[in-house]
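Close look at the chain arrangement
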There are 2 protein chains.
Amino acid sequence: MADTKILLDESEIPTHWYNVVADMPNKPEPVLGPDGKPIGPDALAAIFPMALIEQEVSAERWIPIPEPVREIYRLWRPAPLYRARRLEQALGTPARIYYKYEGVSPAGSHKVNTSVPQAWYNQQAGIKRLTTETGAGQWGSSIAFAGQMFGLEVRVYMVKVSYDQKPFRRSMIQTWGAEVFASPTDMTESGRKILAQDPNSPGSLGIAISEAVEEAASRTDTNYTLGSVLNHVLLHQTIIGQEAKKQFEKVGDYPDMIFAPCGGGSNFGGVAFPFLADKAAGKEVRLVGVEPTSCPTLTRGHYAYDFGDSSGFTPLMKMYTLGHDFVPPGIHAGGLRYHGESPLVSQLYHEKLIEAVAVPQLATFEAGVTFARAEGIIPAPESNHAIAACVAEARRCKETGEAKTLFFNLSGHGHFDMAAYDRYFAGDLTDYAYPAEAIEAALHHLPKVG
Amino acid sequence: MADTKILLDESEIPTHWYNVVADMPNKPEPVLGPDGKPIGPDALAAIFPMALIEQEVSAERWIPIPEPVREIYRLWRPAPLYRARRLEQALGTPARIYYKYEGVSPAGSHKVNTSVPQAWYNQQAGIKRLTTETGAGQWGSSIAFAGQMFGLEVRVYMVKVSYDQKPFRRSMIQTWGAEVFASPTDMTESGRKILAQDPNSPGSLGIAISEAVEEAASRTDTNYTLGSVLNHVLLHQTIIGQEAKKQFEKVGDYPDMIFAPCGGGSNFGGVAFPFLADKAAGKEVRLVGVEPTSCPTLTRGHYAYDFGDSSGFTPLMKMYTLGHDFVPPGIHAGGLRYHGESPLVSQLYHEKLIEAVAVPQLATFEAGVTFARAEGIIPAPESNHAIAACVAEARRCKETGEAKTLFFNLSGHGHFDMAAYDRYFAGDLTDYAYPAEAIEAALHHLPKVG
């Protein structure tokens, strides 16, 4: 009987990250300052260490992974590639389905692939303390873990409503020794301003970002960290796709289509970019980002310069956006509720090198439950988006009789998202479509550039 | 750099379970019926399939694992053996520390090692439906997963207070397609009797067992399943220790001491019994069961015949017991709150082939947090008991300078136990010692035999 899991040795953990910029037909669009002019690396130096800023703007194809980072990766990497035979049987499809399982990490998702190097470079730069924001807590717990690995203090501003409603990610953060605060706090100017207006503010990701950046910018021993969107974050995630390529090689197969959830883009970029290199070299492979219909950034957003945060503090990035003041409905895939999209993913989509599809919430949970009943693992709601698109394609293959090779990134487990499954079983979940008027309205809120 | 994880291929999943009975110096004591006479296999046939009853009484050393069971094991097995280098460094110990991580299973603990074969043998016997009880939900979710793998209906009687307070294990059970009821229910005689006395009964494990057994005994298409204590359950868990032995062989090391949590005994038996075979063959290895001071069955209980359940429905088993009506304090290691102990583990302890130690609750969480901050994984409260004993030994090695090889079973992750960590950080947890009067009192409640 053939193996269910395709494993690699620790010696096969990639030694370099893959920088997709090297293989892009056009250079990335510049990041602009408030004056509409491209900003230089020094503009970021107040909150990021130089090594990460260099990665952010690098055009080198391969960037070496420091050995102490690979040492931490060994705690869970290489991540297994599964052949989903039981899912194939359940669907009765001639397609071969594979998934890469990133939920084996201590924090339970792919996020630690970048939190670890971010903590490392900061520690090497003499930084003592990291700040960040977190919504549902996936990123907050990932950076708490990474900070603990390298002896850095970590302070997480967690959106108050999540802080109150989702105590268990908070407990994880504390278990790894980090401090976590319900944002808005009275410790920052930004927080106090909000509290003065509304002492009972439930907080928002925008406010939490402002607090985390403010603290980092105001202290020389403190830097800020981010879990998606930026080039260096996507870069770190490319170990996923690189490992997967080796694993496919081992079994003599290669994906026809790759599916990954697409929110800020690090999940999708991490798995897809290394395959995009093959595509640039003439290989046929379709790369599909899967987003929620309630927050359809790529499929229905504008390709334009916009702020990365909702308050308009960040530099301007050229990206697909629904408008930085767009507030998506409260779906359970918290990691996909972002108004924008990684500039790299956006440009590749704009240039038609990758594809995107939007999936309604109920279909994602239906697919997730089908998956769990076949393969055992209960997926994160974000991952359910990739599963839904892959399952739809596998069902299409059943109709056409095509024996395609399908591959998706199972970016995390759902152990901290069972309340969402509860609501699904109780029939309390609904689908949200993004209304056409909202797209029109968002146009008028995009910042004027040039 | 040497590997962090010692991995095996799927082809190295054991082909047989190891039956420790074959190597015991004395035969197991018989199980007695209500008349004080040994019961025959047929007494169990109403609720168990014959294949499992045969395993329960077998003296064969090796029992083959059916291929369809090994197929399901492939979804997560072989489980990795970790060399805990970062923990060793954190403790500054010359000891080498290893742990086997069973939390990689879909249900997050070792319990599925036995739920899967139990479901398989029942399906082969033509059974359509399984019942069981569950407290915190680890076992309930494990049997839900296993039932789904083989197309069996599963009905879980979950202690009402847990059903209300721990909704997420319940959601897992539902995700895998099983039904879960707050016990006491009005669906069984036993449940109705309790509800008549107290309509607001919070339930108990004893009541839930009665309901599950009653349903199984009253329907020919339905059997009952149990997650610990019985010989066949411990038998199935021996794949843990067998894999570990191969993994130690791979790195040319061998444990001086092995630690495992000890509640009903399946965790301890699973990891320790295969090493006991080596000990029987003259090898030196110390096997230590670790229990809570609040429920110190081996270290302070009586070795006597007692009921397996709190209501006195089961046959009598010779085991270490605190008295079947003993209600342990509400510690967070729910899996270790059992008045008795597996008869096999009890007899081996009585014959001084294995050791036991009791650890107070706060020390277990302190050890668990130390572990999580060094190694990343957040352990289940049950597993924290083994970690606490191992860490204590590693600290002793630091004082004496001994470079011992220490090994513990990390039987599960703590993702569904974060409320317990919360209480620990908030300073709300306390230690419980088992009072001497209670031991004396328990003596008077043991059933009279012969």
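A tally of regular secondary structure across chain A gives 18 helices and 15 strands. For 450 residues, the compact-globule estimate of 2.2 N^0.38 gives 22 Å, and the C-alpha radius of gyration of chain A, at 21 Å, lies within 12% of that figure. In terms of overall dimensions, chain A has a C-alpha envelope of 60 × 45 × 45 Å along the principal axes. In chain A, the share of contacts with a sequence separation of at least 24, taken over all contacts with a separation of at least 6, comes to 77%. Carbon and sulfur atoms form 53% of the exposed surface of chain A, whose accessible area is close to 15,700 Å². In chain A, 40 positive and 51 negative side-chain charges are present, and the distance between their average locations comes to 4 Å.

The next subject is the pairing of strand E5 (residues 96-101) of chain B. All names here are of chain B. Burial analysis of E5 places five of its six residues in the buried class, which makes it a mostly covered element. Pairing analysis gives six bridges linking E5 to strand E15 (residues 405-410), with the strands arranged parallel. Bridge pairing links Tyr-98 to Phe-407 in E15.

Pairing is possible between side chains of opposite charge, provided their charged atoms come close. Using the criterion set out here, one finds 52 salt bridges over all chains in the structure. We note a salt bridge from A:Asp164 to A:Lys160, for which the minimum N-O separation is 3.2 Å. With A:Asp164 and A:Lys160 both in helix H6 (residues 160-165) and four residues apart, this pair spans about one turn of that helix. A salt bridge links A:Lys245 to A:Asp278; its shortest N-O distance comes to 2.8 Å. Of this pair, A:Lys245 sits in helix H11 (residues 239-250) while A:Asp278 is found in helix H12 (residues 266-280), placing the two residues 33 residues apart along the sequence. Overlapping salt bridges bring together A:Asp3, A:Lys5, B:Glu10, B:Glu71 and B:Arg74 as one network.

With that settled, consider the sheet that holds strand E8 (residues 179-183) of chain B. All names here are of chain B. Ordered in space as E8-E7-E6-E9, the four strands form an open sheet in which the pairing is parallel. Only two strands of the sheet have a single neighbouring strand rather than two, namely E8 and strand E9 (222-224). Neighbour-to-neighbour, the strand axes of the sheet open up by a mean angle of 25°, direction not taken into account. Of the strands in this sheet, strand E6 (129-134) and strand E7 (153-159) are in contact with helix H5 (residues 138-149), which crosses E6 at around 165°.

All names here are of chain A. With mixed pairing, seven strands are arranged side by side in an open sheet as E1-E4-E5-E15-E10-E11-E14. Edge positions in the sheet fall to strand E1 (5-6) and strand E14 (355-359), since each of these pairs with one other strand and no more. Relative to strand E4 (residues 81-83), E1 runs antiparallel, the two sharing two bridges. By the bridge assignment for E4, Lys-5 is matched with Tyr-82. The sheet strands contacting H12 are strand E10 (257-261), strand E11 (286-292) and strand E15 (405-410), and the helix crosses E10 at an angle near 160°.

With that settled, the discussion passes to the interface of chain A and chain B. On the side of chain B, 44 residues touch chain A, which itself brings 44 residues to the contact. The largest contributions to the chain A side of the interface with chain B come from A:Leu75, A:Thr175 and A:Arg373, which together make up 16% of the buried area. Applying the counting criterion to the chain A and chain B interface returns four salt bridges. Here B:Glu10 and A:Lys5 are joined by a salt bridge, their closest N and O atoms 3.1 Å apart. Connecting chain A to chain B are 27 residue pairs in polar contact (both at pLDDT 80 or more). When residues of the side of chain A that touches chain B are traced back to their parent elements, those giving at least two are helix H2 (67-73), helix H5 (138-149), helix H7 (167-175), helix H15 (361-375) and helix H17 (418-425) of chain A. The element best represented in the side of chain A that touches chain B is H7(A), accounting for six residues. Considering only residue class, the side of chain A that touches chain B consists of 25 nonpolar, nine polar and ten charged.

Bringing the side chain of B:Thr225 into the picture now. Mapped onto the secondary structure, B:Thr225 falls in the loop between E9 and helix H10 (231-237). In contact with B:Thr225, other than residues within four places in its own chain, are B:Gln118, B:Asn122, B:Leu130, B:Thr131, B:Thr132, B:Glu133, B:Trp139 and B:Ile143.

Another point: the environment of A:Leu348. Residue and element names in this part refer to chain A. Within the secondary structure layout, Leu-348 lies in helix H14 (residues 343-350). Taking C-alpha positions, Leu-348 is 28 Å from Pro-66, a pair spaced 282 residues apart along the chain. Sequence-distant contacts of Leu-348, that is, excluding residues within four places in its chain, are made with Val-20, Met-24, Phe-273, Leu-276, Leu-353 and Ile-354.

This paragraph deals with the relation of the copies chain A and chain B. Placing chain A over chain B gives an RMSD of 0.0 Å and needs a rotation angle of 180°, together with 0.0 Å of translation along the axis. The operation mapping one copy onto its partner corresponds to a two-fold rotation axis. Among all C-alpha atoms of chain A, that of A:His415 lies closest to the rotation axis, at 3.2 Å. Comparing contact sets, 100% of the residues at the interface of chain A also lie at the interface in chain B, consistent with an isologous, same-surface contact.

Before going further, it helps to examine the packing of helix H15 (residues 361-375) of chain B against helix H16 (residues 381-400) of chain B. Residue and element names in this part refer to chain B. Where H15 contacts H16, the axes come no closer than 7 Å and their chain directions differ by 80°. As far as their axial angle goes, H16 and H15 are roughly perpendicular. Counted together, Ala-363, Thr-364, Phe-365, Glu-366, Ala-367, Gly-368 and Phe-371 of H15 and Pro-381, Asn-384, His-385, Ile-387, Ala-388 and Arg-395 of H16 form the full contact between these two elements. Split by residue class, the contact of H15 with H16 holds seven nonpolar, four polar and two charged.

If you trace the backbone, A:Ile72 turns up in helix H2. Overall, A:Ile72 belongs to the buried group, its relative accessible area being 3%. When the C-alpha positions of A:Ile72 and A:Ala212 are compared, they lie 25 Å apart, and in sequence the two are 140 residues distant. Once residues within four sequence positions are removed from consideration, A:Ile72 is found in contact with A:Val116, A:Phe145, A:Met149, A:Phe150 and B:Arg86.

With that settled, the discussion passes to the pairing of E6(B). All names here are of chain B. Of all six residues in E6, six are buried, a share of seventy percent or more. Residue alternation in E6 divides its side chains into two sets, Arg-129, Thr-131 and Glu-133 and Leu-130, Thr-132 and Thr-134, and both sets are buried. Where E6 and E7 come together, six bridges link them in parallel fashion. Pairing of Thr-132 across the sheet is with Val-156, part of E7. The β-α-β motif built from E6, the intervening H5 and the parallel element E7 has right-handed crossover chirality. Pairing of E6 with E9 involves three bridges; the strand directions are parallel. Across the sheet, Thr-131 pairs through a bridge with Tyr-224, a residue of E9.

Calculation rules
Residues numbered from 1 in each chain as written. Chains lettered and ligands numbered in written order. Predicted model: local features only at pLDDT ≥ 70, side-chain atom pairs only at ≥ 80, totals over all residues. Heavy atoms only, no water. Helix = DSSP H or I, 4+ residues; strand = E, 2+ residues; numbered from the N terminus. Rg over C-alpha atoms; globule rule 2.2 N^0.38 Å. Contact = heavy atoms within 4.5 Å. Areas by Shrake-Rupley, 256 points an atom, 1.4 Å probe, with all protein chains shown as cover. Lys, Arg positive; Asp, Glu negative; His and termini not counted. Charge placed at Lys NZ, Arg CZ, Asp CG, Glu CD. Buried < 20%, exposed > 50% of the residue type's maximum accessible area, 1.4 Å probe, protein only. Pairing = 2+ DSSP bridges. Salt bridge = Lys/Arg side-chain N within 4 Å of Asp/Glu carboxyl O. Axes fitted to C-alpha atoms, helices over the stretch in contact; angles between N-to-C directions. Buried area = accessible area lost by both parts, 1.4 Å probe. Polar contact = N/O pair within 3.5 Å; in protein donor to acceptor, adjacent residues only side chain to side chain. Nonpolar A, V, L, I, M, F, W, Y, C, P; charged D, E, K, R; others polar. Least-squares fit on C-alpha atoms with pLDDT ≥ 70 in both. Parallel < 35°, antiparallel > 145°, perpendicular 65-115°, else oblique. Right-handed = clockwise from strand over helix to strand, strands pointing away.

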